[in-house]
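# Structural description and commentary
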Amino acid sequence: MDPEQNEKDSILDLETEPESLLTLSIDLQQLDGHEWTLQDREERRFPPPSDFLGDLGEQRNRPMPLEHRIPTMTEDVARNALVSFVNSKCCYGNKAAGELVIQDLRQLTLYRYRLETFNESRLSEWTFEPLTSNLVDGPQNGTSPRPWDIKVQTPPLFQDDTRKFRIPHSSLVKACHKCHGHGRYKCSGCQGAGWMRCVSCSGTRQRRKQQRRCQMCSGTGRKRCSTCSGRGNKTCMTCQGEKKLLHFKQLIITWKNNVFEFVSEHQLDFPGELLSKVNGENVFKDENVLVYPIIDFPKPEISLASQRAIAEHNAAFTASSRILQQRQTIELIPITEVHYQYAGKTYLYFIYGLENKVYTLDYPERYCCGCTII
């Protein structure tokens with residue numbers, strides 16, 4: 001039996017109390033009228049003050065139409081892309097890639113619109129740790145600050161992060177609810193006796209068949225408990241033997257980059273999800289606290305996607321979190337249909353993205369269909 005498991009389950013004559021902070025007998029009356037006091041839940045989410053965004057019309061960066069150039073696809077580039085793709089696959093032969101005859105290159109461009117909304121949300125929850133110091137920053141030191149008044153260092157924009165902070169003046173000291181302030185509890189392996197019945201002689205002190213004194217227990221009929229090393233009790237893991245716990249409010253700040261992505265429609269027999277894994281040529285970039293919808297783009301579906309994305313993100317994040325920055329971009333993703341002939345048959349593959357990735361379903365030299373091709 002796992003000693004650690006015994007330790008968790010070792011309650012016996014000590015009444016077990018659940019570790020849900022809702023059921024802990026914490027004297028929250030000390031914090032009456034305080035904004036951090038929780039009534040019915042373990043955690044509470046706080047929307048930012050209404051004046052956090054300020055005047056969004058001020059200090060706006062201007063959108064940037066970017067110069068772009070998509071290289072023309074040639075037969076040599078198309079063949080080299082396929083050869084590199086085939087060489088990376090364990091079950092593809094490279095003879096067809098070297099001998100195929102390219103019949104037609106149909107180069108297309110797709111637009112990818114992406115909106116990124118980098119937001120910050122804050123929530124609080126009760127937590128605890130073993131009391132290891134006499135310095136307790138409780139309500140006697142003042143009123144805890146409001147959640148959005150706590151100044152923290154913001155991580156780099158558009159990078160997810162989560163950090164936890166102790167709320168000033170929110171600490172309370174209570175006896176450990178697991179061991180009732182004893183720091184130890186009875187061992188479940190030996191029921192507090194410090195020893196267990198010998199498994200070799202079943203406590204009879206001698207072997208039944210041999211009628212001799214049991215060598216495993218030296219004729220005592222019992223052995224020292226290996227779970228508690230014979231002490232009969234174990235250190236409480238909740239308070240680490242300190243007998244008391246320091247309860248405090250913890251502020252959890254989450255920064256998240258939320259992404260909306262849309263690719264213009266196409267009639268190709270090509271899985272659209274592959275396009276999210278490649279880069280395109282940037283043709284437009286707009287970055288501000290809040291961006292405005294794009295209008296009159298040559299592809300109407302891109303304008304509609306921009307309007308829908310901004311409306312969805314603002315509705316989802318403005319009320320419950322603080323939007324720190326938004327960024328919308330438009331990329332041109334090149335995609336080429338390559339029609340070729342090999343051994344008298346016609347085949348097709350696609351080259352997509354600036355990386356010249358290859359997608360094909362009917363490559364003529366595939367030797368194994370039982371392995372997974374990545």
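These lines cover the structure that appears in this document, whether it is placed above or below. (Residues numbered from 1 in each chain as written. Predicted model: local features only at pLDDT ≥ 70, side-chain atom pairs only at ≥ 80, totals over all residues. Heavy atoms only, no water.)

### Looking at helix 4 (residues 300-317)
For the α-helix, the turn length of 3.6 residues means that residues three or four positions removed from each other point alike. With 18 residues, helix 4 ought to run about 26 Å at 1.5 Å a step, and its terminal C-alpha atoms sit 26 Å apart, in line with that. Those residues of helix 4 that fall on the buried side of the exposure criterion are I302, S303, A305, S306, A309, I310, H313 and F317. The arc that holds the buried residues of helix 4, viewed along the axis, is 160°, so those residues lie on one side. In helix 4, the exposed residues that point more than 90 degrees away from the buried face are P300, L304 and A315. The inward-facing, buried residues of helix 4 contact strand 3 (101-130), strand 10 (244-263) and strand 12 (322-342). (Helix = DSSP H or I, 4+ residues; strand = E, 2+ residues; numbered from the N terminus. Expected span 1.5 Å × (residues − 1). Buried < 20%, exposed > 50% of the residue type's maximum accessible area, 1.4 Å probe, protein only. Arc of directions from axis to C-beta. Contact = heavy atoms within 4.5 Å.)

### Regarding the nonpolar core
Counting residues in hydrophobic clusters, the biggest one holds 19 residues, and the most contacted among them are L82, Y340, Y349, I351 and Y363. If you list the elements that add at least two residues to this core, you get helix 2 (75-87), helix 3 (95-99), strand 12 and strand 13 (345-352). Here the element with the most residues in this core is helix 2; it accounts for five residues. Beyond its immediate chain neighbours, meaning those up to four positions away, L82 contacts A97, L100, Y349, V358 and Y363. Grouped together as the second largest cluster of nonpolar side chains are 17 residues, F262, V291, F297 and I330 included. (Core = buried A, V, L, I, M, F, W, Y, C linked by side-chain atoms within 4.5 Å.)

### Notes on the pattern of salt bridges
Summed over the entire model, instances satisfying the criterion amount to twelve salt bridges. Two residues, E331 and R112, come together in a salt bridge whose shortest N-O distance is 3.0 Å. One end of the pair, E331, is in strand 12; the other, R112, is in strand 3, with 219 residues separating them in the sequence. With a relative accessible area of 5%, E331 lands in the buried category. Where E312 meets R308, a salt bridge forms, and the shortest distance between an N and an O atom there is 4.0 Å. Placement of the pair is E312 and R308 together in helix 4, with a separation of four residues, close to one helical turn. We classify E312 as partly exposed; its relative accessible area is 41%. (Salt bridge = Lys/Arg side-chain N within 4 Å of Asp/Glu carboxyl O.)

### Here's the deal with unusual backbone geometry
A positive phi angle, close to 65°, is found at F158, a residue other than glycine. Tracing the sequence through the fold places F158 in the loop between strand 3 and strand 4 (161-166). We classify F158 as buried; its relative accessible area is 11%. Backbone geometry at K243 places phi at a positive 75°, although glycine is not the residue there. Position of K243 relative to the elements: it lies in the loop between strand 9 (233-235) and strand 10. On the accessibility criterion, K243 (43% relative accessible area) is partly exposed.

### Overview of the packing of aromatic side chains
Overall, the coordinates contain eleven aromatic pairs when judged by the stated rule. With a centroid separation of 5.3 Å and an interplanar angle of 5°, the aromatic rings of Y92 and Y363 are classed as stacked. Residue Y92 is found in the loop between helix 2 and helix 3, and its partner Y363 is found in the segment after strand 14 (357-359); the two are separated by 271 residues along the sequence. Each of the two residues, Y92 as well as Y363, counts as buried. (Phe/Tyr/Trp six-rings, centres within 6.5 Å; stacked < 30°, edge-to-face > 60°.)

That is the geometry; function is a separate question.
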